[in-house]
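Chain by chain, the residues run as shown.
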Amino acid sequence: MLDNSVTITLVAFAALAAAYVGYGRFLARHIFRLDPRRATPAHRFEDGVDYLPTRVPVLFGHHFASIAGLGPILGPAIAVIWGWLPAVLWVVVGSIVIGAVHDLGALSVSLRYQGRSIGDVARELIGPRARFLFLLIIFFLMSLAMGVFVLVISQLFVSFYPNAIVPSIGLMIVAMAMGVAVYKLRMPLGPLSIVGVAFLFLLIHLGVKNPLPTYTWGMDAEARAALDAARQQGQLPDPYGAVAVAAALEQSGNAHAAQSVSAAASTTTKTWSYLLLGYAFLASVLPVWLLLQPRDYLNSYQLYAGLVLLLVGLLVLHPTVAAPPVADAEAIGAPPMFPFLFITIACGAISGFHSLVSSGTTVRQLNRETDALPIGYGAMLTEGALAVLVIMACVAGLGGAAWTSGGTYTHWSNLDGRLSTQLAAVVEGGGRFLSALGVQPHYGEAFIAVAIVAFALTTLDSATRLLRYNVEEIFKSMGLGVLANRFVASLVAVAGIGFFALLRVYDAASGAYKPAGLLLWQMFGTTNQLLAGLTLLCVSLFLFKLARPVWYTIVPMFAMLGISLLAMLINLSELWGAEVRNWPLIVVNVVVMAMTLWMVGEAVASFARGRGNLGLPETEPAHADHELEEAVATSHLG
Amino acid sequence: MQPEVSVILIRENAEQLSGSGCCGKLEGDALRAASDEPFAHTRADQSACGRLHRLLRKNFPDSGTTPRVRVVTVDPRNQLYLAPKLWRDVCRYRPGIREGLKTALQLFALPAVVINGRVVSSRKRPLSPHHVLHEVERHLRPGTHKPSPGTNASS
């Protein structure tokens, strides 16, 4: 039973469903005391624009599309190296007792504050410094995440999936054409969507037929000739990713060409990184209707199609799990499972960013307070289910090769800190699921690779713009309003992303400098948990001031902060004790740790101020007949 | 119990919906701090739909447990809800083959208004409050409809 991927998936889904009807309802009824009779901000300020009572099925689709993306894919793909069991357990248990509680809490508190954002609520409950802390955390969080994404996209293009280049760039052109057609020419949506999706598949077909190994452009003539000859003889594995090509050339005894491929791949990856940073700058100043908004449509089709195909493919293929339930971290050279597993899988178990989505738009559209349960708690559990599917793609879809001697997941050093190796594992594993549905492996893999790149590019586009706004606000709050203009702020934003994307760390084993990918992802995880901790602090304070039980939120808060601090301390001690000290990373680590301690200090001070002083726009209604209210709420929670 | 009239207002929210996951979503607080208004054009459509929504709610308020007129505002990127909803309305209200296909295949420009499975907006006049109210009244009182005089979007 322990090696049946379908059974594991269904048991995990059942646990999530049981938690929804059990723990979720308990929290909604007894802790957050959601009351369907109390008017929500959507009704109180109904304007049909921002405040709009929206039924659960509509809002769920909206909210889920808002929170699901690349995060729950990358983290689990790394974390399975500790074995499938801890990864699945953390996703399931973490979602149930921390992630979904966080999302539901953020939504519930924001409801009471008339739909104000969690940043505003933090300022109200904790103090004005909390808002500045929010801005700082978000700056680090997005710079780190986007640095990772730049790295990942450029490596995917060069090292693993040159067949994703044509579709990814082509998709941008299709999206721009769609943007003009929808927003300027006002053409009908249905046919345009069909044409857009048809182009997507056409581009994937073109990409599969014409992979673009851009690293060959930087190779010397002799090596390129050897490569072409090997390619024509069918000795190189399609789609000609640099890693597989170098390995194949090495095996066939052509060491010079193999070395040339590796060297050219490194240079080309850096070139792609610069190109992507340029893209980020341009995309962040372009009008959103031209690229970002039309790509939204294509992305949503890819998201839902990917989810359904992965699930159905898994059920049809029902592959055996090849990974060990628990791996010996020491034997495989991995860092200790505790605390690193818990920061590696951030989204998928808990994500601080969800509080921004929950308290931004969603809260203003809740029809009834009790709808916060399916939207806040339910959508996070659904994201947990997506993370479980990704885990299965890696531990079962990949097959035994990845888990036997020399395979990707048999030693920490094989992951090579690049992150693209792990994404390639998801792509390959997912491709196998799709092949069970009759999709040719190359097409299945290309579909998933293109979807991942499209998500990463969209995130890069929008996050650079967000970072620009963030930088503008930081400049303004520091009294440097003159610097708060579009181009200066965009440059600072891109510089922040570029700093992390191009950062190299010294690898003692090989004696060479390598991209800081994995370390960055861990720092992203800790910063994301820090943001989640700040939100859980707000929620706990809110409950404390209302004299309600706080254990359900304060224990997850301290757990997340404790885990993050421990991980950062271990990282810091390693960075400090390294043969060659990496000062930029040491400084970033210290800054993130300082922010965590600052937050703990704010928390202690806020609790010490005692109960009351909620600063609510309207006071909580006195519960004259508490039992009756509970009964009403209960009936509406099903 | 189904409402007598089902109105679907289809327009985008002034925010990003999919593709970024939660990190880097262009919405909410972040937009408030923006020096420019990236979604200005969407905002205009959203406001026009908002006025229409308020007008419908004012003219046809809920009474009893099942509203006679149900107004739903949907973002067209939320196809998980929108596509089945349009098909359901077409099957339920049977507006005719041509009109039904136009709705089900989403042969309309944004923003759009669909009443009882029939697209009543057009590319040139996407949101005419007078026309929409007239349509709703026609469905509520077949044969005795009277357009509300002087109604406009700013009501």
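Residues numbered from 1 in each chain as written. Chains lettered and ligands numbered in written order. Predicted model: local features only at pLDDT ≥ 70, side-chain atom pairs only at ≥ 80, totals over all residues.

1. With respect to the overall build of chain B
Working step 1: The secondary structure content of chain B amounts to 5 helices and 4 strands.
Working step 2: Classification of the 155 residues of chain B by burial places 52% in the buried group.
Working step 3: Sequence separation of 24 or more characterises 59% of the internal contacts of chain B that already satisfy a separation of 6 or more. (Helix = DSSP H or I, 4+ residues; strand = E, 2+ residues; numbered from the N terminus. Buried ≥ 20, exposed ≤ 12 C-beta atoms within 10 Å, placed from the backbone. Contact = placed C-beta atoms within 7 Å.)

2. Describing the overall build of chain A
Working step 1: In terms of regular secondary structure, chain A is built from 24 helices and 2 strands.
Working step 2: Based on the C-alpha atoms only, the size of chain A along its principal axes is roughly 85 × 60 × 60 Å.

3. A short note on the interface of chain A and chain B
How big an interface is tends to be expressed through the accessible area that disappears when the partners come together.
Working step 1: Across the boundary between the two partners, chain A contributes 60 residues, which contact 48 residues of chain B.
Working step 2: Among the elements of the structure, helix 3 (56–67), helix 7 (128–160), helix 8 (165–184), helix 9 (189–209), helix 13 (292–317), helix 15 (353–358) and helix 19 (441–477) of chain A are those that each provide at least two residues to the side of chain A that touches chain B.
Working step 3: Looking at the side of chain A that touches chain B, the element that brings in the most residues is helix 19 of chain A, giving 11 residues.
Working step 4: Looking at the side of chain A that touches chain B, its residues break down into 33 nonpolar, 18 polar and 9 charged. (Nonpolar A, V, L, I, M, F, W, Y, C, P; charged D, E, K, R; others polar.)

4. Side note on the environment of B:Pro76
Working step 1: Looking at the element boundaries, B:Pro76 is found in the loop between strand 2 (69–74) and helix 3 (79–93).
Working step 2: Note: C-alpha distance between B:Pro76 and B:Arg11 (65 residues apart in sequence) is 6.3 Å.
Working step 3: If sequence neighbours within four positions are ignored, B:Pro76 has contacts with A:Leu189, B:Ile10, B:Glu12, B:Leu82 and B:Leu110.

5. Here we look at the confidence of the model for chain A
Interpreting fine coordinate detail is not advised for predicted regions of low pLDDT.
Working step 1: Averaged over all residues, the pLDDT of chain A is 86; the fraction at 70 or higher stands at 94%.
Working step 2: Averaged pLDDT values for the elements of chain A fall to 44 in helix 24 (residues 626–636) of chain A and rise to 96 in helix 1 (residues 5–31) of chain A. (pLDDT = per-residue confidence, 0-100.)

6. Brief notes about the confidence of the model for chain B
Working step 1: The share of residues in chain B with pLDDT of 70 or more is 83%, and the mean pLDDT across the chain is 82.
Working step 2: A low-confidence stretch, residues 145–155 of chain B stays under pLDDT 50, and its non-local contacts, those more than four residues away or across chains, total 21 contacts.

7. Observations regarding the pairing of strand 2 of chain B
Residue and element names in this part refer to chain B.
Working step 1: With 5 of 6 residues buried, strand 2 is to be regarded as a mostly interior element.
Working step 2: Pairing analysis gives 6 bridges linking strand 1 (residues 5–10) to strand 2, with the strands arranged parallel. In the strand pairing of strand 2, Ser-6 is matched with Arg-70. (Pairing = 2+ DSSP bridges.)

8. Comments concerning the sheet that holds strand 3 (residues 112–115) of chain B
Residues and elements named next belong to chain B.
Working step 1: Here we have 4 strands laid out as an open sheet, ordered 2-1-3-4, and mixed in their pairing. Of all the strands in the sheet, just strand 2 and strand 4 (118–119) have a single pairing partner and so form its edges.
Working step 2: As paired strands, strand 3 and strand 4 are joined by 2 bridges and run antiparallel to one another. Each bridged residue has a counterpart across the sheet, and for Val-114 the counterpart in strand 4 is Val-119.

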